[in-house]
Amino acid sequence: MSSKDRILGRIRRALRDDAPAVEVPRDYLHAHGSRTPAERVDLLAAHLAEYRAVVHRTDEAGLPPLIARLLAERGARSVLVPPGLPPHWLPAGGPTSVPDRAGSTPAELDRVDSVLTGCALAVAETGTIVLDGGPDQGRRRITLIPDHHICVVRVPDQVVDSVPQALPLLDPTRPLTWISGPSATSDIELDRVEGVHGPRTLEVVLLGTQ
Amino acid sequence: MTGTHLGMPAFPAVAPAFPAAAREAVRDEVLRANLRHATHTIRDKRRRAVAELADWDRLRAAGKAVKDHTLRHLDRYLLQLDAAVTAAGGTVHWAADADEANRIVTDLVRATGEREVVKVKSMATQEIGLNEALEEAGIAAYETDLAELIVQLGHDRPSHILVPAIHRNRAEIRDIFRAEMGGWGRPAPEPLGDDPRELAEAARLHLREKFLRAKVAVSGANFMVAETGTMVVFESEGNGRMCLTLPETLISVVGIEKVVPTFRDLEIFLQTLPRSSTAERMNPYTTMWTGTTDGDGPSAFHLVLLDNGRTDTLADPTGRQALRCIRCSACLNVCPVYERAGGHAYGSVYPGPIGAILSPQLRGTGSAIDASLPYASTLCGACYEVCPVAIDIPEVLVHLRERVAQGGPVTRGGVRVTLRPADGRTAERAAMRAARLLLDRPGALRAAERLLARARRLAPRTLPGAGRGWTDSRELPTVAAESFRDWWARERSDPR
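Residues numbered from 1 in each chain as written. Chains lettered and ligands numbered in written order. Predicted model: local features only at pLDDT ≥ 70, side-chain atom pairs only at ≥ 80, totals over all residues.

Notes on the overall build of chain B
When helices and strands are counted, chain B shows 23 helices and 12 strands. Here chain B has a C-alpha radius of gyration of 26 Å; the compact-globule value for 496 residues is 23 Å, and the two agree. Taking the principal axes of the C-alpha coordinates as reference, chain B spans close to 90 × 55 × 45 Å. Across the 496 residues that make up chain B, the buried fraction comes to 51%. The contacts of chain B with a sequence gap of at least 6 include a subset with a gap of at least 24, amounting to 75%. (Helix = DSSP H or I, 4+ residues; strand = E, 2+ residues; numbered from the N terminus. Rg over C-alpha atoms; globule rule 2.2 N^0.38 Å. Buried ≥ 20, exposed ≤ 12 C-beta atoms within 10 Å, placed from the backbone. Contact = placed C-beta atoms within 7 Å.)

Here we look at the UniProt feature "domain: LUD" (unreviewed entry) in chain B
Within the UniProt annotation, "domain: LUD" (unreviewed entry) is assigned to residues 82–292 of chain B. For residues 82–292 of chain B, the end-to-end C-alpha separation is 14 Å, with 44% helix and 19% strand making up the annotated structure. (UniProt positions renumbered as here; feature names shortened; annotations may be inferred.)

Some points on the environment of Gly240(B)
Residues and elements named next belong to chain B. Note on placement: Gly240 falls in helix α11 (residues 239–245). Distance from Gly240 to Lys121, taken between C-alpha atoms, is 7.9 Å for residues 119 residues apart in sequence. Those residues in contact with Gly240, other than ones at most four positions away along the chain, are Val120, Val233, Glu235, Tyr285 and Thr287.

Brief notes about the sheet that holds strand β3 (residues 140–143) of chain B
All names here are of chain B. Strand order in the open sheet made by the 6 strands is β1-β10-β7-β4-β2-β3, with parallel pairing throughout. Both edges of this open sheet fall to β1 (91–95) and β3, since each of them pairs with a single strand only. The sheet shows a mean angle of 25° between the axes of neighbouring strands, taken without regard to direction. Across 4 bridges, the pairing between strand β4 (residues 216–219) and strand β7 (residues 249–255) is parallel. Residue pairing in the sheet places Val216 in a bridge with Thr249 of β7. (Pairing = 2+ DSSP bridges. Axes fitted to C-alpha atoms, helices over the stretch in contact; angles between N-to-C directions.)

Concerning unusual backbone geometry
Residue Pro156(A) follows Val155(A) across a cis peptide bond; omega there is 0°. For Pro156(A), the position within the fold is in the loop between β7 (148–154) and β8 (159–160). For the bond running from Glu190(B) to Pro191(B), omega is -5°, close enough to zero to count as cis. Within the element layout of this structure, Pro191(B) appears in the loop between α9 (170–184) and α10 (196–213). A positive phi is found at Leu379(B), a non-glycine position, where the angle reads about 60°.

Description of the UniProt feature "domain: LUD" (unreviewed entry) in chain A
Under the local residue numbering, the UniProt record ascribes the feature "domain: LUD" (unreviewed entry) to residues 108–207 of chain A. The span residues 108–207 of chain A is 6% helical and 35% strand by assignment, and the distance between its end C-alpha atoms comes to 30 Å.

Looking at the nonpolar core
One finds Val153(A), Ala217(B), Val253(B), Leu306(B) and Cys331(B) to be the most contacted residues of the largest nonpolar core, which totals 195 residues. Contacts of Leu306(B), omitting those with residues within four sequence positions, involve Ala95(B), Ala101(B), Ala124(B), Ile128(B), Val253(B), Val254(B), Gly255(B) and Ile256(B). (Core = buried A, V, L, I, M, F, W, Y, C linked by C-beta atoms within 7 Å.)

Description of the pairing of strand β4 (residues 114–117) of chain A
Residues and elements named next belong to chain A. In β4, alternate side chains face the same way, and those of Ser114 and Leu116 on one face and Val115 and Thr117 on the other are all buried. Where strand β2 (residues 78–81) lies against β4, 2 bridges are found, and the strand directions are parallel. Paired with Leu80 across the strands is Val115, a residue of β4. Where β4 lies against β7, 4 bridges are found, and the strand directions are parallel. Bridge pairing links Thr117 to Cys151 in β7.

See the structure below:
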C-alpha cells in the first residue's frame, strides 16, 4: 500500500463519527469603512509610511524627474528594469539600465544598486503592494536582491480598500509577492529592525493627477 | 566550515516531565526577565492590532469554520490539492511519518548532487528532525530566519513558535554570533555591538553568500489552496523570498492540515494571522506560488505532505480542533505558565498552550513529558480567548487529562487501541472514588464534615503519602469550624 493510500485510509477511518457539515459564515466585512478614492489613497500612504516605506506623490510629468532625484540621492549607478516598464519613466542620462534577463546570476543582480517597477495593485487598509510578475514588474528576484526598490502605484486605479477586495483581482497561477514595508525582523527582544534580507529601502511613488 | 554541530540539537528522546523541566526554568532569572519583557510587549501590540477590525469575531468564526469544514472533508481536499499541484508542474509526495518524510527529502536533495540546503523557518521540518536527518546523510542545512539562525549557531533549542530565540537577549546573541559565525561561513564583523540593528546586519552579511549560491531550498507553508495548488508563506525578513525564488529546486514539507479549499479563503487568514502573530496589519512579505513558473523561481518544486500523527489526532472528536491551529503563537504570549516556564520545558517544538494539546496528540501520551503536558496549565482560558481559529484549548486539556488519568480508546499509527490509566494516577483516582462515595450520600458527608471540623486543630500543613506531591506547591486550605450546611441550617432556623 502506498503512503498516499495509507494516509487517505486513516483520514476516512478517523472521520467515521460523521461530524455535522460545516457552513462557512461569510458575514465579515468586505471593507472596513467606506472611502472616496482620495481617502483610500491617503490611507494607503499613511499605512505604507507607518511601516517605514518612503512615500512620494507625483503626476505623469513629474515622474521622470522624481525618479531621477530618488536614484541620484541614493547614489545608484545601475538600476534593474523589467521588460514592460514604460520607457519614459526612466530619466535620460541616469544610472545604467540593467534588463531583467533569465540568464543573470544572483551574484550579478547583487551588484545592481536599485530596481524600478510597477505593481499589480495596492491594499489601503493593510499598506500593502502586490506584485504578480507582470511586464512592468519582472521576475520575483529583481525586487528582492537589490537593496533599494522604487515601486510605482497608479492611483487611485490600482488601489483597493481591503484584502477581500484584492484577492478576486489577482491570478493565483502567477507568482504573487505581497509587500508591506521594507523587510523587517523582531527576532531580537521583539525590537523591530527594518531591513534584513530584502530591500532595506522601499520607496513607493503614488502616480496620479495632481 | 567545521562540519560539526550542523543541525539543531533535537529535543531529547527522554524529556523530563513538565514540572521538573519548569522548576529548572523558573530559577533562571535572565530567562524569566527576557520572556516577561517579550510576551508583554507582543500581547499589548496584538490587542491594538485586533481592535482595529470591527469584524474580528466574525473573521475568527469564519476561520474556524473553514478549518473545520476542510478537516471534515480532508481526504477530498488533499486529492484536489495533489492534482492541482501536479497540473501546475509540481511533484507531490506523501509521508506517513517523520522517517518517511526525512527519507523523501534526503533522496530529493541527493538527486540534485548538492551537499547543502538553505531553509525557511518551518515548524513541520523541526517536528520531524529534518536537519539531523540531513546531517547524517552529509548534507548541511542552514537555517536562514534570524531567530532560527541564533538557535542553530547557539546549539540551542527553539522556545517559541514565532520567535524561537525569545529566551536570548541581545548580549547573548552578540556572543553567539562572535563565537560561531566563523565556523559556518562568513564571520561576524568586528567590532560587533549588541544593538539589534548591528546584529541584523551581521546576519544579512553572513547569510547573503549562502542565498546567492544556494541550489536547493527547504520550506514549510502556512497554507495550501486545494482548488489552485497555491502554496503560501508568510514572513518578515526576506529570507523566505530568497529561499523560495533563488534556488533551482524547492522542497516544501507541509502538514496535511494546512490545506484550505479555495483561494478566496485566504482573505480570512491574511487578516487574522499577521495580527495574531507579529501584531501587524500585515507582515512585510507574503509569497504565493503555484507549481513552477517558466523563467521565474525554482524549476523543480516538490511538496511533501506530512501525516506524522495528524490523522490520529483527527480521529479524536474533541482533540481534533487542535488541527485548526495556524501557528500564530498568540496563545503562548498570553499564557501565565509559558511566561514563567519558557518554551523548553514543554519538551517539544510546539511549546505553550497549543503545544500542551498538540504534542500529546501527535506523539501519544506514552512518555513522561507527553503525559504531563495536559497538566501544564491553570485552565485560565486566555489562550482560547486570543486564538484566531477559536481552539478551545482548556476543553482539550481537560479531555487529555481524563485520557491520561483514566485511559480509554485512542488512535495510534492509524490503529484504534485502548490506553491504560497512567501509573502514578492511582491516588488521584482513589480520591475521586472516595469523593463520589461521600457526595452520593448526604448523611455520610455530614458526618465526615463534622468529624473534620472537630479535628481541625490537628490538620497537617502537608498531606501524607500520595498527597504530598500535591501539597509541595500548594497551601492546604484551613478547615472551617462549622460546615456550610450546618451554618445554613442554623441561620435559617434563627430568623432576625
